Amino acid sequence: MPKGVPNPAAMYGIYARSWGFEVSIVRNGVRHHRLFGKASYGGAEQALLHAQDWRDHIVRSVPPLPRSARAEKPRANNSTGVTGVFHHLAPSGRVRAWMAKTYIAPDEILRTDFSVAELGDDAQALAIQERAQQLKRMTGLARIHPAEEAIRMGLSAHPAGPREPKRSKSEITRRNNTSGVSGVHFKAPNPSHPGYWLAITYTAGKGSVSKAFSVKTYGAEAAKNMAIAERANQLALKQLAAGEEERHQRGKAEAGVRATTGTRRNNG
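Just so we're clear, the structure is a prediction, and the values are computed from it rather than from any experiment.

Parameters at a glance
Residues numbered from 1 in each chain as written. Predicted model: local features only at pLDDT ≥ 70, side-chain atom pairs only at ≥ 80, totals over all residues. Heavy atoms only, no water. Helix = DSSP H or I, 4+ residues; strand = E, 2+ residues; numbered from the N terminus. Buried < 20%, exposed > 50% of the residue type's maximum accessible area, 1.4 Å probe, protein only. Phe/Tyr/Trp six-rings, centres within 6.5 Å; stacked < 30°, edge-to-face > 60°. Expected span 1.5 Å × (residues − 1). Arc of directions from axis to C-beta. Contact = heavy atoms within 4.5 Å. Patch = residues over 30% accessible without salt bridge, like charges linked within 9 Å, V, L, I, M, F, W, Y side chains within 5 Å. Areas by Shrake-Rupley, 256 points an atom, 1.4 Å probe, with all protein chains shown as cover. Salt bridge = Lys/Arg side-chain N within 4 Å of Asp/Glu carboxyl O. Lys, Arg positive; Asp, Glu negative; His and termini not counted. Charge placed at Lys NZ, Arg CZ, Asp CG, Glu CD. Pairing = 2+ DSSP bridges. Axes fitted to C-alpha atoms, helices over the stretch in contact; angles between N-to-C directions. Polar contact = N/O pair within 3.5 Å; in protein donor to acceptor, adjacent residues only side chain to side chain. Core = buried A, V, L, I, M, F, W, Y, C linked by side-chain atoms within 4.5 Å.

A. How the structure looks around the overall build of the chain. Secondary structure summary: the chain contains 8 helices and 9 strands in total. By the burial criterion, 29% of the 268 residues in the chain qualify as buried.

B. Region of interest: the packing of aromatic side chains. Evaluated as defined, the whole model comprises 4 aromatic pairs. For the pair Phe-36 and Tyr-41, a centre-to-centre distance of 5.9 Å together with 35 degrees between the ring planes defines the contact as tilted. A single burial state applies to Phe-36 and to Tyr-41, both of which are buried. Note on Phe-36 and Trp-54: the rings are 6.4 Å apart at their centroids and 50 degrees apart in plane angle, and the pair reads as tilted. Of the two residues, Phe-36 sits in strand E3 (residues 30-37) while Trp-54 sits in helix H2 (residues 44-61), which places them 18 residues apart along the sequence. Through pairs of rings, three or more aromatic residues link up here, namely Phe-36, Tyr-41 and Trp-54.

C. Broad picture of helix H5 (residues 122-135). With 14 residues, H5 ought to run about 20 Å at 1.5 Å a step, and its terminal C-alpha atoms sit 20 Å apart, in line with that. Where H5 is concerned, the buried positions are Ala-123, Ala-127, Arg-131, Gln-134 and Leu-135. Down the axis of H5, the smallest arc covering the buried residues is 110 degrees, so these residues share one side. Buried residues along H5 sit in contact with helix H3 (67-71), strand E4 (85-89), strand E5 (95-105), strand E6 (108-115) and helix H4 (116-119).

D. How the structure looks around a positive patch on the surface. Together, Arg-70, Lys-73, Arg-75 and Arg-143 line one region of the surface with positive charge. On the basis of relative accessible area, Arg-70 is assigned to the partly exposed category, the value being 33%.

E. Looking closely at the pattern of salt bridges. Per the stated rule, a full pass over the model turns up 7 salt bridges. Notably, a salt bridge pairs Arg-163 with Asp-53, separated by 2.6 Å at the nearest N-O pair. In this pair, Arg-163 sits in the loop between helix H6 (146-152) and strand E7 (184-187) while Asp-53 sits in helix H2, placing the two residues 110 residues apart along the sequence. Glu-148 is paired through a salt bridge with Arg-152; the nearest N and O atoms lie 2.5 Å apart. In this pair, Glu-148 and Arg-152 both sit in helix H6, 4 residues apart, roughly one turn of the helix. A residue is classified by how much of its surface remains accessible, and Glu-148, at 1% relative accessible area, is buried. Three or more residues joined by partner-sharing salt bridges are found here, namely Arg-27, Glu-148 and Arg-152.

F. Up close: the sheet that holds E6. Strand order in the open sheet made by the 3 strands is E4-E5-E6, with antiparallel pairing throughout. Looking at the sheet topology across the chains shown, the edges are occupied by E4 and E6. Between one strand and the next, the sheet's axes are offset by a mean angle of 25 degrees, whatever the strand orientation. Here E4 runs beside E5; their pairing, made up of 5 bridges, is antiparallel. From the neighbouring strand, His-87 faces E5, where its bridge partner is Trp-98. In the packing of H5 onto the sheet, contacts are made with E4, E5 and E6, and the angle to E5 comes to roughly 5 degrees.

G. Structural context of the side chain of Arg-27. With respect to the helices, strands and loops of the structure, Arg-27 is situated in strand E2 (residues 20-27). A relative accessible area of 7% means that Arg-27 is categorised as buried. Engagement of the side chain of Arg-27 in a polar contact is seen with the side chain of Glu-148, the distance being 2.3 Å. Contact partners of Arg-27, with chain neighbours within four places excluded, come to Tyr-12, His-32, Val-62, Pro-63, Pro-64, Glu-148 and Arg-152.

H. Highlighting the pairing of E5. Turn length for the E4-E5 hairpin, with the two strands adjacent in sequence and antiparallel, is 5 residues, and the turn residue Gly-93 shows positive phi of about 95 degrees. The antiparallel pairing of E5 with E6 creates a hairpin that spans 2 residues between the two strands.

I. View of H2. Here H2 contains 18 residues, and its C-alpha end-to-end distance of 26 Å stays within 8% of the 26 Å for a straight helix at 1.5 Å per residue. Those residues of H2 lying buried are Gln-46, Ala-47, Leu-48, Leu-49, His-50, Ala-51, Gln-52, Trp-54, Arg-55, Asp-56, Ile-58 and Val-59. The inward-facing, buried residues of H2 abut strand E1 (14-17), E2, E3, helix H1 (38-41) and H6.

J. Quick peek at the nonpolar core. By size, the foremost hydrophobic cluster in this structure holds 16 residues, and its most contacted members are Ile-14, Phe-21, Val-23, Phe-36 and Ala-51. Breaking this core down by element, the ones donating at least two residues are E2, H2 and H6. The element best represented in this core is H2, accounting for 6 residues. Core analysis: the next-biggest nonpolar cluster, separate from the first, contains 7 residues, Val-184, Phe-213, Ala-223 and Ala-227 among them.

As structure tokens, then:
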């Protein structure tokens, strides 16, 4: 396979887009769908790895229906109320026989007929019982893709190497960014102003923090480098605060569990 071209099996359920990759797998009428943008993961390689990881998780945790379960789903053209059970009608419209039929494989179709003339009212019940027995011989999963079997067996078609965490919106470098670093921008109030480099970081629900470095005071290159360093410091503080908030929330949840457990014991 040419270098740079993904293995078709590795791309099962994954669709390449101009902005990244889209994962879409339908299970029992429910579509499992997620987007993995190149900008959010620092490039196409990491975006694809994360897409494959999530696809593998869905394949393993939400397998297709067993063929036998799928064969029991009602069909629109079924007129007996029981899938796989059919009746033969005489020209007069009277039921002549009941039949149980199950497609096991291209070369194996099970079929048994039960004559109403010989068995009377028991013919229908016997056909239903026979259909249940036929289904027991149907094994495997519905519409299984070769790639899925490999994934469920733990065989990975993509590298297991390091994964970069998803970037927050404030960490994504936009196309109009002139510094090459997200959150670092050059600003000039007017054409005659020497301008300044600005480091700014947003936190959802908490606003933003920013710091400017004047080109007139520090020079263009130094001001830019200082803004980049400031941006890194802002992100580090943001991550630290997020970690502390997570620990605080976890502590509250654990305290609530302990309080609830204590109440139950006292009431017990």
